Amino acid sequence: MAELQIKATVNGRKISRSAQPSQRLLDFIRDDLNLTGNKEGCGAGECGTCSVFVDGVLMKSCLLPVAKAQGTQIDTIESLAKTGELSVLQKAFHKAGASQCGYCIPGMVMAATAALRSNPFADREEIKERLGGNICRCTGYQKIFDAVELARDVQNGRLPATMLDGIDAEQGDYIGKNVSRIDAPSKVSGKLKYAGDMLMPDMLHVHVLRSPHAHARILSIDTSAAQAMEGVEGVITSADVPGEDGFGVFVHDQPVMARDKVRYVGEAVAAVAAEDPLIARRAAAAIKVVYEPLPAVFSAEDALRPGAPVVHAYAPDNITKHIPIRVGDVEAGLAESDLVIEENYETQAIEHAYLEPEAGLAYVDHDGVVVVISPSQNITHHRHMLAKIIAKPIAKVRFIMSPVGGGFGGKEDMIYQGMLALLAMKTGRPVRLVFTREESIASTAKRHPSKTTLRMGLMRDGRIRAVAFRMIADGGAYGLSTEGVMRKAAILGAGPYVIPNLQMDTIGVYTNNTPSGAFRSFGALQTQFATESHLDIACERLGLDPFEIRRINMMRDGATTHTKQKLKSVSIGRVLDAAEKASGWEKGVSGQRNGRGDLNGEGLRPAVALGARFVGDTKQEAAE
Amino acid sequence: MARMRGRGMAACWYGIARTATVDRAAAWAEIDDGGSAKIVTGVTEIGEGILTVLAQIAAHEMGLKPEDVVIGDNDTARAPEAAHAGATRQTYMIGNVVALASREARGKLVEVLAKMWEVEPSTIRTGNGFVWAENTNHKITMGKAVECCKQRGVVPVGSATFGTDTTGLDGTDGAGRPWQAYVFGCQVAEVEVDTVTGEVQVLGMWAAHDVGRAVNPKGVEGQIEGGIVQAIGQALMEDYELSNGHTTTPGFAKYILPTSLDVPMMNSIIVEDPDPIGPLGVKGIGEPAMVPTIPAIMNAIYDAVGVRITSLPATPEKVLMAIREKQQRENQMAVQAAE
């Protein structure tokens, strides 16, 4: 297709540049103009981090063909603090603590700027509606709403501009103070460079070929057509790994690229480094892989059945890790209980959905040190593993942690850094890989889906006598953090309660599903969901208030845990009191408590407003 | 009967830093020219605010302002090991070790000034960029103090390491000491359930968490609020689905995440039960923040409409089905009672 000549005004400057018709406005801004403040989060108009103004209108630049920019005025996040001074809204984001990882923030600031331009008197509910097209995974949005309200009030003169200033602690006591985040100015202005924003001279672009099969033997890989393509500088497969090919957090069972067989859909099979991303993608498509599909297993229960397909030869029973905890005699404890409650619980797989998809760069430096720059949550461990994989001493491997656009455990796995290192070594040039959102979702770890059977024996007065707890979790195709997740699930699952007889089993299982791995709350979420739901069922059966049953059973100072560790101070009683008091809790048995009808009655807490239902013309009201 | 409200609660506990293994971290500190400071440690922000927390701790310990603290990049070839950004360990492991390294650097500076002013080192105070000796007229800026040190051939630096006294678990009964610091939390959820559509809206959350000692209360709130909203996602809408190993939720159009319209009013209550082992008393908040949210919401749904959702997520379809089944059961019982 013919090239376009784009003439536009970008951040107040006239530009005239050639562009490919296939480019999106986002590519043009980020790749051609090197304005990397606005990010790509999803490439599908869902997350909003690429939001810019086109002729003053908020637009998602990933949805706009570059041709639409012809003759327009485009303003990116870089336009807001052009003089070096942050806008009122950016200052308010800084002051309110509205940025965390910062990756969504450029788009969020643009959307909030648009909101206050549309209605300088927008109330909180309207602000929520107007930010509804922007996803943030870190903050929970509340501090973002606070920031927009603060900016609105300063702009309208209702609050003095000094409200945006930082704090000065008297006596230099800075612990316990709301010091404004030191990294926030770089995030609200879009200046912070994440790995996908970084460039190196002479840099190549990487594309990964991924498995279309859940379980298949690799009969052959023919890379000759890809290698022969113009612009292709290097193609790698597992044959290019010089050392011990394995990574993982606890067991190193995952090869850098599939070796002999693939175990899940989306597993890396080969990778290409080329002069531009399009050539890399075309070359990857030209790699011929012959697969022999194998019977696959898609649930943890099926994987535990005798005769199930074996995912890893070293684990013929498909068990990644089983963690047992034993206290007392659980069957005797259940037998002597007044009441035994049994229930099953299920939790689903969850995607981390950090707004920054995986990205990284690698190069070999002047001393022959292999350097990898990526938003890895664990560079210390990664360098140990990579040193073995590329058969170099640890001093010849260097990992640099780039700013992380959200992790939540999902960036603890060395899922792509090995390929980057191998391609940098093979081509002798810097290489960069940026995942698409689809690639990130399909190929990286999830929260372990789980199935739990819980039997709890209680006495009539609410005391727990015995707990038998068994959780089976689908760890997917590779070990990653499964062992640790099972351990934390087991140690914490029965809750901070005195339980004289406990039998706890957590079992992580291999399947041919997307691997499960580390995810914020790491097994404790799945198991404590079951226990805390179960306690409320017990309340209903025993006629107890939910706070009361927890107080009856809670560990106290000096308690012994389920793993027989003696604790000193135990604060569960304090947090129960604090939550009960702050929420204005109405005592009573679940489902039978009164107080739902008269939420505004005397002595009762006020009704909570239902979120995001702004009605009426607030602009009009404010003007009056 | 269209919209019913209910409240539920749940408690939690959590261990701080790596589990059932010895955790460790190291840091270097230097009080630099002009009264600024350098902290070098293997840590980088993953969004939680650790850089600000470390700057506050270093400023507090060395007598500077947080904006005068420069924190070096996390680089395995340039910074001492501080290991991974996870396991609710950064404030505890790295915060504590930065405090120790900062104290050592300050000690070097104080030693020089005590000799220069002929006072006891214990009478020297530092704060907000100044150094002074109690009950004297001696007071200089930190920049001047560093100059004095350097004229006497001393660069005020410190280094420290911090490790945990923990063990693995016994393979048979699980006995062991997995962590040296534990935190506890409790959350109350208020929900509204639409009995026509099955839709659940979380209206309010009250979250009380013990964090040991809050270095930056607003940052703690940010962790709690972010944790709650992620947990609302898992409780009500998020579901990574597979069909024969192929995902059917490949992008954000299919994989539904909480947006600003799903956010309840969140109230954080910070409880401080200081850790007796570390030098600062800090513990952590990242992961425990989202542990009690889901059961609190499920217990609130039960309180509102009398159905118990035991399989996540509590989608409108699932809630509606449970409500209908409950009504059918009640109708049958009524019919039986009438007969």
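What you see as residue numbers is a count from 1 along each chain, following the sequence as written. Starting at A for chains and at 1 for ligands, labels are handed out in the order in which the entities are written. Local features are withheld for residues below a pLDDT of 70 in this predicted model, meaning they are given only at 70 or higher, and side-chain atom pairs are given and counted only at 80 or more; totals for whole chains, interfaces and linings count all residues.

1. Focus on the interface of chain A and chain B
Phase 1 of the analysis: Residue-level contacts link 120 residues of chain A with 120 residues of chain B.
Phase 2 of the analysis: Partitioning the side of chain A that touches chain B into residue classes produces 56 nonpolar, 37 polar and 27 charged. The contact criterion used here is simple: two residues whose C-beta atoms, placed from the backbone, lie within 7 Å are in contact. Side-chain classes are defined by residue name, with Ala, Val, Leu, Ile, Met, Phe, Trp, Tyr, Cys and Pro counting as nonpolar, Asp, Glu, Lys and Arg as charged, and the others, Gly among them, as polar.

2. Focus: the domain arrangement of chain B
All names here are of chain B.
Phase 1 of the analysis: Either an automatic procedure or a domain database provided the assignment from which the domain bounds are taken. Along its sequence, chain B is organised into domain 1 (3-16 + 179-330) and domain 2 (24-161).
Phase 2 of the analysis: Relative placement of domain 1 and domain 2: their C-alpha centres are 38 Å apart.
Phase 3 of the analysis: Taken together, the contacts link 18 residues of domain 1 with 14 residues of domain 2.
Phase 4 of the analysis: To qualify as a helix, a DSSP run of H or I must reach at least 4 residues; to qualify as a strand, a run of E must reach at least 2; elements of each kind are numbered from the N terminus. In terms of residues, the side of domain 1 that touches domain 2 owes the most to one element, helix H4 (residues 217-236), which gives three residues.
Phase 5 of the analysis: When the residues that make up the side of domain 1 that touches domain 2 are grouped by side-chain class, the tally is nine nonpolar, seven polar and two charged.

3. Some remarks on the packing of helix H14 (residues 482-492) of chain A against helix H15 (residues 524-542) of chain A
Residue and element names in this part refer to chain A.
Phase 1 of the analysis: Axis definition: a line fitted to C-alpha atoms, over the contacting stretch in the case of helices. Angles run 0 to 180 degrees between N-to-C directions. In contact at an axis separation of 8 Å, H14 and H15 are set at 30° when each is read in the N-to-C sense. Between H14 and H15, the angle is such that the two are roughly parallel. Here the hand of the crossing between H14 and H15 comes out right-handed. The segment H14 lies against H15, with Lys-488, Ala-489 and Leu-492 engaging Ala-524, Gln-526, Thr-527 and Gln-528. Roughly parallel here means an angle under 35 degrees, roughly antiparallel means over 145, roughly perpendicular means 65 to 115, and every remaining angle is called oblique. In this scheme, a crossing is called left-handed if the near helix is turned counterclockwise away from the far one by less than a right angle; it is called right-handed if the turn is clockwise.

4. Some words on the nonpolar core
Phase 1 of the analysis: The biggest cluster of nonpolar side chains holds 312 residues, and the ones touching the most others in it are Val-206 and Met-419 of chain A together with Ala-27 and Ile-301 of chain B.
Phase 2 of the analysis: Ignoring sequence-local partners within four residues, the contact set of Met-419 of chain A consists of Val-206, Val-208, Ile-236, Val-256, Met-257, Ala-268 and Ala-271 of chain A. Structurally, a nonpolar core is described as a collection of buried Ala, Val, Leu, Ile, Met, Phe, Trp, Tyr and Cys residues joined by way of C-beta atoms within 7 Å. Working definition of burial: number of other C-beta atoms within 10 Å of the residue's own, with buried at 20 or more, exposed at 12 or fewer, and partly exposed in between, all C-beta atoms being placed from the backbone.

5. Topic: the environment of Val-330 of chain A
Residues and elements named next belong to chain A.
Phase 1 of the analysis: Residue position: Val-330 is located in helix H10 (residues 330-335).
Phase 2 of the analysis: In this structure Val-330 comes out as buried when scored by C-beta crowding, with 22 C-beta atoms within 10 Å.
Phase 3 of the analysis: Beyond its immediate stretch of four places on either side in the chain, Val-330 contacts Ala-466, Ala-468, Asn-501, Leu-502 and Gln-503.

6. Considering the sheet that holds strand S5 (residues 73-75) of chain A
All names here are of chain A.
Phase 1 of the analysis: A strand pair is defined by DSSP finding two or more bridges across the two strands. Taken in spatial order, the five strands line up as S2-S1-S5-S3-S4 in an open sheet, and their pairing is mixed. Looking at which strands have only one partner, the edges of the open sheet turn out to be strand S2 (13-19) and strand S4 (57-60). Strand-to-strand, the axes of this sheet are offset by a mean angle of 40°, without reference to chain direction.
Phase 2 of the analysis: By the bridge criterion, seven bridges tie strand S1 (residues 4-10) to S2 in an arrangement that is antiparallel. Its bridge partner being in S2, Leu-4 is matched across the sheet by Ala-19.

7. Here we look at helix H1 (residues 25-32) of chain A
Residue and element names in this part refer to chain A.
Phase 1 of the analysis: For H1, the complete set of buried residues consists of Leu-25, Leu-26, Phe-28, Ile-29 and Arg-30.
Phase 2 of the analysis: Along its buried surface, H1 packs onto S1, S2 and strand S3 (51-54).
Phase 3 of the analysis: Positive phi appears at Asn-34, one or two residues downstream of H1, with a value of about 55°.

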